[in-house]
Structures are given as C-alpha cells and as structure tokens.
Amino acid sequence: MPRQPRRDREERTDRPTLPGIAEVRLRADDATAQVVLDVLRANFTITTPREYPGDRLYFQLDTGNTAPDPDGDT
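Colleague: Outline the packing of aromatic side chains, listing residues and values.
Modeller: Given two aromatic rings, one states the distance between the centres and the angle between the planes to describe the pair. According to the stated counting rule, one finds one aromatic pair in the structure shown. For the pair Tyr-52 and Tyr-58, a centre-to-centre distance of 4.9 Å together with 85° between the ring planes defines the contact as edge-to-face.

Below, the structure written as structure tokens:
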C-alpha cells in the first residue's frame, strides 16, 4: 500500500501537564477503541477522548491508584 504524502505539521500550543497524568493517543477502529476505553475506565480515571481524523483518539489518563481505600474512604 503506497504511503500518503506527509502533511505539514500544525503549530501546537503547549498544554499544561500534571504529575501522574499520561497523554494517550489511541489509534483503532471503533469496536477496538471502545473495548480499550472500557478497560481503562474500569481501572483508571480518564478524560473524554477527543477524536481526530484517521481513527485516532487522544485522552488523558490519571496513573494514580483508583482502588477503593481499605478503610472505606475514597
């Protein structure tokens, strides 16, 4: 399959980041993306994905521990 010509890079503004936050790019068909997002949501806190052309989703994932506190506090 021939490669598509590269597009010029768009100018990006710096986005603030937080410690423990991962910037994630997921490239998958809709069914696969939904499975991956469901698994991540079950184990982490994630932002609502932003859709981009080419079956790409961008979102942030909080890498902190989201397991319930053994003392009952959340």
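There is more to say, and it comes next.
Colleague: With reference to specific residues and values, describe the pattern of salt bridges.
Modeller: Under the definition given, this model contains one salt bridge. Residue Arg-41 is joined to Asp-38 by a salt bridge in which the shortest nitrogen-to-oxygen separation is 3.8 Å. Here the residue Arg-41 and the residue Asp-38 both occupy positions in helix α1 (residues 30-43), the gap between them amounting to three residues, near one helical turn.

Colleague: Tell me about the layout of surface pockets, and name the residues and values.
Modeller: What the largest pocket holds in volume is close to 1,200 Å³. As for the largest pocket, its lining consists of 22 residues, of which Arg-7, Arg-12, Arg-25, Arg-56 and Tyr-58 are closest to the centre. Of all elements in the fold, only β1 (21-27), β3 (50-52) and β4 (56-62) reach the threshold of two or more residues within the lining of the largest pocket. Computed from the structure, the second largest pocket encloses a volume of approximately 160 Å³. Along the walls of the second largest pocket sit Leu-26, Ala-28, Asp-29, Asp-30, Ala-33, Gln-34, Leu-37, Glu-51, Tyr-52, Asp-55, Arg-56 and Leu-57, which together make up its complete lining. Mapped onto the lining of the second largest pocket, the elements with two or more residues apiece are α1, β3 and β4.

Colleague: Describe α1, listing the residues and the values that go with them.
Modeller: Each α-helix winds once per 3.6 residues, and so residues spaced three or four apart point in a common direction. Compared with the 20 Å implied by 1.5 Å per residue over 14 residues, the 20 Å span of α1 between its first and last C-alpha is a close match. When α1 is considered as a whole, its buried residues turn out to be Ala-33, Leu-37 and Leu-40. Burial along α1 is one-sided: seen end-on, the buried residues are contained in an arc of 65°. Away from its buried face, by an angle of more than 90 degrees, α1 presents the exposed residues Ala-31, Val-35 and Ala-42. Lining the buried residues of α1 we find β1, β2 (45-46) and β4.

Rules of the game
Positions within a chain are numbered from 1, following the residues in the order the chain's sequence is written. The model is predicted, so local features are restricted to residues of pLDDT at least 70 and side-chain atom pairs to those at 80 or more, both for listing and for counting; the totals for chains, interfaces and linings are taken over all residues. Hydrogens and water are ignored here; the side-chain numbers use all heavy atoms of the structure. Stacked, edge-to-face and tilted labels apply to pairs of Phe, Tyr and Trp rings (six-membered ring for Trp) whose centres lie within 6.5 Å, assigned for plane angles under 30 degrees, over 60, and everything in between, in that order. By definition, a salt bridge exists where a carboxyl oxygen of Asp or Glu is found within 4 Å of a side-chain nitrogen of Lys or Arg. Numbering of helices and strands starts at the N terminus; helices are DSSP runs of H or I of at least 4 residues and strands are runs of E of at least 2. Points on a 1 Å grid, built from protein atoms alone, make a cavity when a 1.4 Å probe fits but cannot get out and make a pocket when they are open with protein on both sides within 12 Å along at least 5 of 7 lines; residues with an atom within 4 Å of a point are the lining residues. Grid points are joined across faces, edges and corners, and a volume is the space filled by probe spheres set on the points. Helix span, as expected, comes to 1.5 Å for every residue beyond the first. For the exposure calls, accessible area comes from a 1.4 Å probe over protein chains only, and a residue counts as buried if that area is under 20% of its type's maximum, exposed if over 50%, partly exposed in between. Arc definition: it is the arc formed by the directions from the helix axis to the C-beta atoms. It only takes one pair of heavy atoms within 4.5 Å for two residues to be counted as in contact.

Purely spatial values, then, with no claim about function.
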